[in-house]
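# Report on the structure
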Amino acid sequence: MRPRSVVAAALALAVSAPVFAQEYVEYVSKQDRFTATFPVEPKVTDFTFKSQFESMLPARTYTAEGIAGRFKVTVIDYNNIEAIATEKSKSCPPGAETCKGGGSSTGAGYWKADIEGAVVYATWEFMQRDAKVTYLGWNNINLVEGHMLYLTNNKDKSRTSAGIYMHENKLYILEGTVPAGFPDPGFFQQSVGFLDENGNNIRYESVYHNGFPKPPVANRGG
């Protein structure tokens, strides 16, 4: 939501503190089409994600940890959800609508409900943590809509800034957690941007809603 200049200012403020006296990594993932500023080079891990309606989807995490905290981007690919859920529904007991789904509202195996509710489901997962939600609201990154949350851990008082966005049928879960007393972790998700198929940064002219026609792109950067 905030201009890149604000992000740069936030990063400059963060790195001015002694605990942040380090080189930051401007990370680019052409595979998952995003950019982010990590405190160190992130570790990339592939895994399988179980969706709300139990379809198994390919996913990947980008994680960086250090004295400044833990910063992570999780990318879950929903592009093949229809085929995956339809195949799963074939093993459902006869007549089990809660497993098979169907019709225009849910789709076979509830694939339509799965992708439409992905941002809400990921938000709900954050809310199940042993932490106090101090903020939950609508947000956008370069006009890609999503949710923003702030949480405070009930045990160690660490703080988490999280963002959840769906772009091109990929779910992006952004999470920065810092120890008690450290600078606000919100700068991390403010540093994230989305890339087009050629690896260029993009910003839309109006709000992007996943599953609807894409609005024009206002600018593309290298």
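Residues numbered from 1 in each chain as written. Predicted model: local features only at pLDDT ≥ 70, side-chain atom pairs only at ≥ 80, totals over all residues. Heavy atoms only, no water.

## What about the pairing of strand S9 (residues 144-153)?
Sheet topology places strand S8 (residues 131-141) next to S9; 10 bridges connect them, and they run antiparallel. Considered in S9, the bridge of Leu-136 is made with Leu-149. Counting the residues in the hairpin turn of S8 and S9 gives 2 residues, including Asn-142, whose phi is positive at 50°. Sheet analysis places S9 next to strand S10 (residues 159-167), joined by 7 bridges and oriented antiparallel. In the sheet register, Tyr-150 faces S10, and the bridge partner there is Ser-161. (Pairing = 2+ DSSP bridges. Helix = DSSP H or I, 4+ residues; strand = E, 2+ residues; numbered from the N terminus.)

## A look at the packing of aromatic side chains
This structure, assessed with the given rule, holds 12 aromatic pairs. Arranged with centres 6.2 Å apart and planes meeting at 70°, the rings of Tyr-24 and Phe-187 form a pair that is edge-to-face. Of this pair, Tyr-24 sits in the loop between helix H1 (4-16) and strand S1 (25-29) while Phe-187 sits in helix H7 (residues 187-190), and the two are 163 residues apart along the sequence. One aromatic cluster is present, built from ring pairs that chain together Tyr-24, Tyr-27, Phe-34, Phe-38, Tyr-62, Phe-71, Tyr-172, Phe-187, Phe-188 and Phe-194. (Phe/Tyr/Trp six-rings, centres within 6.5 Å; stacked < 30°, edge-to-face > 60°.)

## Digging into the state of the cysteines
Taken as a whole, this structure holds 1 disulfide when the rule is applied. Covalent S-S linkage joins Cys-92 and Cys-99, the inter-sulfur distance amounting to 1.8 Å. Since a negative S-S torsion denotes a left-handed disulfide, the Cys-92-Cys-99 link at about -60° is left-handed. The class of Cys-99 is partly exposed, set by a relative accessible area of 25%. (Disulfide = S-S within 2.5 Å. Buried < 20%, exposed > 50% of the residue type's maximum accessible area, 1.4 Å probe, protein only.)

## A closer look at a nonpolar patch on the surface
On the surface, Trp-124, Met-127, Val-133 and Leu-136 cluster together to form a nonpolar patch covering roughly 350 Å² of accessible area. Accessibility expressed as a relative area gives 35% for Met-127, which makes it partly exposed. (Patch = residues over 30% accessible without salt bridge, like charges linked within 9 Å, V, L, I, M, F, W, Y side chains within 5 Å. Areas by Shrake-Rupley, 256 points an atom, 1.4 Å probe, with all protein chains shown as cover. Salt bridge = Lys/Arg side-chain N within 4 Å of Asp/Glu carboxyl O.)

## Quick notes on the sheet that holds strand S3 (residues 43-50)
Taken together, the 7 strands give an open sheet; going across it, the order is S3-S4-S5-S11-S10-S9-S8, and neighbouring strands pair in antiparallel fashion. Strands at the two margins of the open sheet, each flanked by one partner only, are S3 and S8. In this sheet, neighbouring strand axes are inclined to one another by 20° on average, regardless of whether the strands run parallel or antiparallel. Direction of pairing for S3 relative to strand S4 (residues 56-66): antiparallel, over a ladder of 8 bridges. (Axes fitted to C-alpha atoms, helices over the stretch in contact; angles between N-to-C directions.)

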